[in-house]
Amino acid sequence: MAVIPVALAGRAYEVVIEEGLLARLTEAAAPFFKPYAGGRAVPFVADANTHRLFGERVNAHLAAAGFAAEWFVVEPGEDAKSWAVLEQLTDWLLAQGVTRKDHVFALGGGVVGDLVGFACAVTKRGCGFVQLPTTLLAQVDSSVGGKTAINTRAGKNLIGAFHQPSLVLIDPMVLATLPPREMRAGFAEVLKYGLLGDAAFFAWLEANVEKVLARDPAALEHAIATSIAMKARIVAEDERETEDRRALLNLGHTFGHALEAETGFSDRLLHGEAVAMGMVLAAKYSAHRGEISAADADRAETAIAAAGLPASLAALGLTCVGAALVDHMRHDKKAEGTTLPFLLLRRLGEAYVARDVDLTDIAAFLDGELAA
Ligand code: GLY
């Protein structure tokens, strides 16, 4: 078991990692069940997959503890992060009689967490929520830190709010049913922590990749806890990403978002896969600038490939040129006028925000990678 505090003044909360947490939810989140002790249903939001996999288990546990759940179930996939679903969900929360003192339970991956977090940020000007992440990616990244958002015509995550959960409960056992591809995509975000801020953790991941992907309980808990401890530290230092601290968590994301945009934000390239490829490009570009050695860039690439993640731009089979990828980057929400901060590596285990990157040079570099 690991308990990791997120030390935000006035909004501090804990991330608890323990096998079997879902089966003892009413104890693990006891304060947040109290308002429902009078018989009001506890609001749960899930997607159709997580509801099918865990809904009955949650219902049975709640019933045994004298509670009843009411479910709002969304279709799996990014389409749930829309104005339309947000409207349906907030209408439902109001119909449930949710008050500012209440907590809504989000059971699912990043889509459910982002949607519920944003709905709770705006319902009655802010009610509480508890994150119950069910994918590795959500467990190590999106459920912690309070970034919530929906997607709009203009792009992904452009409408949202910083709204911290009151508790994050991570039950690694829920990963038993996660498809291997999703597991690998989540592992990309785990590798990110090693690359951006902890060389020893990166070396541990190189040695333990198979164990983590095979869901070895001890290895998995170590990977999740180490990742969250770093995220919690960074979020506590720079909650709103104004100090070049939280931005470090975007390692691989600028290249990655461009690849996601080029592939239509589709199953062709999952977010974690795009981040993995983006981290290879960030490492290679750092080597291209002479900031890390070619051998270190190779080491990053090898670790990513060893996890079964995309590590070669040429192998993705894109038909575009580098300038087209740079064009996607210009629409990135991190763009600052005509420039774009890039997350690069000073060494394996230390990322930094570079503000002097020439986008023409990036396009030429990408042309080389596309043709390699
Ligand atoms: N996923 C990056 C962040 O939470 O800041």
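Source: prediction; values computed, not measured. All residue numbers refer to positions counted from 1 along the written sequence of the respective chain. Selection of residues for local features in this predicted model requires a pLDDT of at least 70, selection of side-chain atom pairs for listing and counting requires 80 or more, and totals for whole chains, interfaces and linings are taken over all residues. Note: side-chain values were computed over all heavy atoms of the structure, leaving out hydrogens and water.

Caption draft 1: Region of interest: helix α5 (residues 110-122). Secondary structure elements follow DSSP: runs of H or I no shorter than four residues count as helices, runs of E no shorter than two count as strands, and numbering proceeds from the N terminus. Here a helix's expected span is defined as the number of its residues, less one, multiplied by 1.5 Å. Along its 13 residues, α5 runs 18 Å from first to last C-alpha, staying within 8% of the 18 Å computed at 1.5 Å per residue. Whether a residue is buried, partly exposed or exposed follows from its accessible area with a 1.4 Å probe, protein chains only, as a fraction of its type maximum: under 20%, in between, or over 50%, in that order. For α5, every residue scored as buried is listed here: Val 111, Val 112, Gly 113, Asp 114, Leu 115, Val 116, Gly 117, Phe 118, Ala 119, Cys 120 and Ala 121. Looking one or two residues beyond α5, the residue adopting positive phi is Lys 124, at roughly 55°.

Caption draft 2: Layout of the layout of surface pockets. Only protein atoms enter the 1 Å grid used here, on which a cavity is any set of points holding a 1.4 Å probe that cannot leave and a pocket is any open set flanked by protein within 12 Å on both sides along at least five of seven lines; residues with an atom within 4 Å of a point are listed as lining. Grid points are joined across faces, edges and corners, and a volume is the space filled by probe spheres set on the points. Taken as a whole, the second largest pocket encloses approximately 340 Å³ of empty space. Taken together, the elements giving at least two residues each to the lining of the second largest pocket come down to β7 (147-152), β8 (155-162), α10 (253-262) and α13 (322-330). For the lining of the second largest pocket, the per-class residue count stands at 6 nonpolar, 7 polar and 4 charged. When residue character is reported, Ala, Val, Leu, Ile, Met, Phe, Trp, Tyr, Cys and Pro are called nonpolar, Asp, Glu, Lys and Arg charged, and the others, Gly included, polar.

Caption draft 3: Here's a closer look at empty space enclosed by the protein. Taken as a whole and assessed by the stated rule, the structure comprises 2 cavities of 30 Å³ or more. Considering only enclosed or pocket space, the largest cavity measures out at about 50 Å³ in volume. Taken together, Leu 21, Leu 22, Leu 25, Leu 107, Leu 132, Pro 133, Thr 134, Leu 169, Asp 171 and Val 174 form the lining of the largest cavity. Broken down by class, the residue content of the lining of the largest cavity amounts to 8 nonpolar, 1 polar and 1 charged. Approximately 40 Å³ is the volume attributed to the second largest cavity.

Caption draft 4: Focus on the side chain of Asp 47. Counting through the fold element by element, Asp 47 comes out in strand β3 (residues 42-47). Despite its burial, Asp 47 pairs with no opposite charge; the closest candidate is Arg 52, at 7.2 Å N-O. Counted as a polar contact is a pair of N or O atoms within 3.5 Å, where, for protein atoms, one must be capable of donating a hydrogen and the other of accepting one, and residues adjacent in sequence contribute only when both atoms are in side chains. A polar side-chain atom of Asp 47 sits 2.9 Å from the main-chain amide nitrogen of Thr 50. If sequence neighbours within four positions are ignored, Asp 47 has contacts with Val 73, Val 74, Glu 75, Pro 76, Leu 107 and Val 112. Counting rule for charge: Lys and Arg are taken as positive, Asp and Glu as negative, and neither His nor the chain ends is counted. Just to be clear on terms, a salt bridge is a Lys or Arg side-chain nitrogen sitting within 4 Å of an Asp or Glu carboxyl oxygen. Whether two residues touch is decided by their heavy atoms; if any such pair falls within 4.5 Å, the residues are in contact.

Limitation: the analysis is restricted to geometry and does not speak to function.
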